[in-house]
Amino acid sequence: MSACSPGGGGYVDNAPPADPGQPVYGGHLRVALEGETNNWLPGRGNHVAPAALTVAMALFDPLVRLDHEGRFQPYLAESVTPNENFDVWTVRLRPGVQFHDGTALDAEALKWNFDNLHKRQGSVTFGSIRDIDRMEIVDDLTVNYFLTRSVVPFPDMLTRAVGWPVSPTAVQRYGEEAGLYPVGTGPFQLVEWRRDDRLELRRNDNYWREGLPYLDAITFRPLPDEDARVASLISGDMDVVQTLRQHIVDRLRRMSGIYLYEQLGNSSGSAIFNAHRPPVDDYRVRQALAWAVDPEALVEVLGGRGISPVQTQYFNEDSVWYSPRVAAAWPQKDQQRARELVSEYINDPQRSDGLAVGEPIALELMCLPEQSLVDLAQMYQALWNAVGFDVRLRQVEQATQIQSVISGDYMTTCWRTSNEQDPYIILNNDFGPPDVQPLNYTNFTHPLIDEKLTVLRTEPDFDKRKAAVEEVMMLLTEQVPNTWTGSTPSAVATQPRVRNIKDWTFPDGRLGDGMPVAQVSWAQVWMLDEESWLAEQAAVSAAAEEAGE
């Protein structure tokens, strides 16, 4: 056995085989998730958590996906092309694609999705597509998206829920209960959803990708307790488990008899502040909270030493958007500076929380009841109390946390921030006008961000776009709508019979982007049957014997 991580004494080599072998058809996969999802209808459900995103890859297909080099490529769409000004985008669908109910995915269905699920007030996705004015049908398989202004990275908008078409016939049939009965074009279709218990799916025999999927069925089960999820893998009750917790990744790295897939992206642990809620509406308070934080200590509490590098911005050090200048400027690990800012605020007669001069600053930090996050919240509490805050902790389940954040009913909460999308999409979502952008969880806005978003939206030159990203992130080092801890490890652990969790491909054979935030492309996953498994074990034994082991 060999170590697979620096500083990770006791780690074993449980990496999956470089060559997963020949695909095998059949099998019923059981997958344990970190949480439940409130609604499966794109535009209504909160499809931001890793659990929701990975299930979505079974039920739906995105019009556009990212390849292994981070470039947008048509997926369910056959082509996505702009006009000269990048304000009209033509999307042509692949021919012959059907929804699970046998109805056709055509231009009319795509327009119905746009008009009725996304481009309407109250939709979760409404804010993220506010640059799109309308869609018009060109022919049976082609539509034009007319934008109110140029948007160079427009294809990124079609990688998430806006780009997951569902059957208009099914949605109209089920009405208000359509979110209980998702009917997409994905490789698996719904059998039954028992909320908070299980989601049963079976193979889509009319799937548009010939020869896929390999599996007959998948059962997804929400198991929010991290230890229970690992136990379900050890006991054999589950074939696949996902996690984004450092201490669980550390534990999985020590387990033999499994395969462990890992991927680090831009997502990072963070604490976000509601800029509409005193006292964190004042940048001095937010700065003080950042200066008081010791990110290394927080990563250590999370069990992430040797797993999660400390993060200081929206992009990790491997990203082309990473800025050393921002890393150097990020406020952290200076409790004296934090105390000065706290003193400045509490002695300000105009302090935003309305308390009398000299009164301590009262904070509420919301976090999940998972043990590592309980420990994390207590570390935040200790660090912040040490510089003069009075911090109260509040534990809620994930569904409640997400809903509270989306509705703005929180002050400060543990969170995950950033992802692999284009900087324009990320920053436009995170800092767009809160009245039309429900994904602006911090409610923070600033004229400089608006100015730089215009550059990111209209400028195809990479260097100019990167300079704009850096200026926004430098502003955030002063305004601090959130803090950072360490990069979020995305990990999926499987029974050894399960294969090809990460190396999905486009129809032309191009390699995809792996499994960001533990989002697996289930169409190309397979599981060895008894015959294949025994044959593989015999071959391994023979090879070992020949090598004299």
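Residues numbered from 1 in each chain as written. Predicted model: local features only at pLDDT ≥ 70, side-chain atom pairs only at ≥ 80, totals over all residues. Heavy atoms only, no water.

Chemist: Sorry if this is basic, but what is going on with the overall build of the chain here?
Modeler: Scanning the chain from N- to C-terminus turns up 15 helices and 18 strands. Over its C-alpha trace the chain gives a radius of gyration of 24 Å, about what one expects of a compact globule, namely 24 Å for 549 residues. Overall size of the chain, expressed as C-alpha extent along the three principal axes, is 75 × 65 × 45 Å. Scored against the burial criterion, the 549 residues of the chain give a buried share of 57%. Within the chain, residue pairs in contact and separated by at least 24 positions form 72% of the contacts whose partners lie at least 6 positions apart. Accessible surface computed for the chain: about 21,600 Å², of which carbon and sulfur atoms make up 48%. (Helix = DSSP H or I, 4+ residues; strand = E, 2+ residues; numbered from the N terminus. Rg over C-alpha atoms; globule rule 2.2 N^0.38 Å. Buried < 20%, exposed > 50% of the residue type's maximum accessible area, 1.4 Å probe, protein only. Contact = heavy atoms within 4.5 Å. Areas by Shrake-Rupley, 256 points an atom, 1.4 Å probe, with all protein chains shown as cover.)

Chemist: Can you help me understand the nonpolar core in this one?
Modeler: Across soluble globular proteins, you tend to see nonpolar side chains buried next to one another. Ranked by size, the top nonpolar core spans 97 residues in total, and within it Leu63, Tyr145, Phe154, Tyr314, Trp384 and Phe389 carry the most contacts. The dominant element in this core, judged by the number of residues it contributes, is helix H14 (residues 462-479), at seven residues. Contact partners of Tyr314, with chain neighbours within four places excluded, come to Asn266, Thr417, Ser418, Ile426, Leu427, Asp430, Phe431, Met473, Leu476, Asn482 and Trp484. (Core = buried A, V, L, I, M, F, W, Y, C linked by side-chain atoms within 4.5 Å.)

Chemist: Where do I start with the layout of surface pockets in this structure?
Modeler: Rolled over the atoms, a probe with the dimensions of a water molecule shows which regions are left empty. If you add up the space inside the largest pocket, you get close to 780 Å³. Taken together, 34 residues make up the lining of the largest pocket; nearest its centre are Leu66, Glu69, Gly70, Asn266 and Glu420. Of all elements in the fold, only strand E12 (259-273), H14 and strand E16 (482-494) reach the threshold of two or more residues within the lining of the largest pocket. If one sorts the elements of the lining of the largest pocket by residue count, E12 sits on top with five residues. Looking at the lining of the largest pocket, its residues break down into eleven nonpolar, 13 polar and ten charged. Within this model, the second largest pocket holds a volume of roughly 360 Å³. Around the second largest pocket, the lining comprises 20 residues; the ones closest to its centre are Glu34, Gly35, Pro224, Glu397 and Gln398. Elements supplying a minimum of two residues to the lining of the second largest pocket: helix H4 (226-235) and helix H11 (398-406). (1 Å grid on protein atoms, 1.4 Å probe; cavity = no way out; pocket = protein on both sides within 12 Å on 5 of 7 lines; lining within 4 Å. Points joined across faces, edges and corners; volume = space filled by probe spheres on them. Nonpolar A, V, L, I, M, F, W, Y, C, P; charged D, E, K, R; others polar.)

Chemist: How should the sheet that holds strand E1 (residues 28-33) be read in this particular structure?
Modeler: Strand-to-strand pairing in sheets goes through backbone hydrogen bonds, with the strands running parallel or antiparallel. Taken together, ten strands build an open sheet; the order of strands is E8-E9-E10-E1-E11-E16-E12-E15-E13-E14 and the sheet is mixed. Strands with a single pairing partner mark the edges of an open sheet, and in this sheet they are strand E8 (188-194) and strand E14 (389-395). With strand direction ignored, the average angle separating the axes of adjacent strands in the sheet is 25°. Against the sheet, helix H10 (residues 371-385) contacts E12, strand E13 (361-367), E14, strand E15 (412-417) and E16, and its axis sits at roughly 165° relative to E14. (Pairing = 2+ DSSP bridges. Axes fitted to C-alpha atoms, helices over the stretch in contact; angles between N-to-C directions.)

Chemist: What am I meant to see in the pattern of salt bridges here?
Modeler: Side-chain pairs of opposite charge can arise where the charged atoms are in close proximity. For the coordinates displayed, the defined rule picks out 39 salt bridges. Across the pair Asp348 and Arg284 runs a salt bridge, and its minimum N-O distance is 2.9 Å. Of this pair, Asp348 sits in the loop between helix H9 (335-346) and E13 while Arg284 sits in helix H6 (residues 283-292), and the two are 64 residues apart along the sequence. Like Arg284, Asp348 is buried. Put simply, Glu536 and Arg499 hold a salt bridge, and the shortest N to O gap is 2.6 Å. (Salt bridge = Lys/Arg side-chain N within 4 Å of Asp/Glu carboxyl O.)

Chemist: Help me out: how do you make sense of unusual backbone geometry in this one?
Modeler: Trans peptide bonds make up the majority, and among non-glycine residues the majority have a negative phi. Omega for the bond connecting Leu212 with Pro213 falls within 30 degrees of zero, at 0°, which places this linkage in the cis form. With respect to the element layout, Pro213 can be found in the loop between strand E9 (198-203) and strand E10 (217-222). Following Pro278, the chain continues into Pro279 via a peptide bond in cis, with omega recorded as 5°. Of note, the phi angle at Ser418 is positive, near 80°, even though the residue is not glycine. Among the structural elements, Ser418 can be located in the loop between E15 and helix H12 (423-431).

Chemist: What is the right way to read H12 from this model?
Modeler: Given 3.6 residues per turn, any residue in an α-helix points the same way as the ones three and four places further on. The element H12 is extensively covered by neighbouring structure, given that nine of its nine residues are classed as buried. Every buried residue of H12 is listed here: Pro423, Tyr424, Ile425, Ile426, Leu427, Asn428, Asn429, Asp430 and Phe431. Packing partners of the buried residues in H12 comprise E15, helix H13 (447-458) and H14. Of the residues flanking the start of H12, the one acting as N-cap is Asp422, its side-chain oxygen 2.8 Å from the backbone nitrogen of Tyr424. (Polar contact = N/O pair within 3.5 Å; in protein donor to acceptor, adjacent residues only side chain to side chain.)

Chemist: Got a minute to help me understand the sheet that holds strand E7 (residues 142-147) in this structure?
Modeler: Taken in spatial order, the four strands of this open sheet run E4-E5-E7-E6, and their pairing is antiparallel. On the outer flanks of this sheet lie strand E4 (77-82) and strand E6 (132-139), each paired with one strand and no other. Taking the axes of each pair of neighbouring strands and ignoring which way they run, one obtains an average angle of 20° across the sheet. On the sheet, helix H2 (residues 107-118) packs against strand E5 (88-93), E6 and E7 and is oriented at approximately 165° with respect to E6.

Chemist: How should I be thinking about the pairing of strand E11 (residues 240-243) in this particular structure?
Modeler: Of the two faces of E11, the one lined by Val240 and Gln242 and the one lined by Val241 and Thr243 are each fully buried. Across two bridges, E1 lies against E11 in parallel orientation. Bridging from a neighbouring strand, Val31 pairs with Val240 of E11. Of the strand pairs in this sheet, E11 and E16 are connected by four bridges, and their pairing is antiparallel. Counterpart to Thr243 in the pairing with E16 is Ala491.

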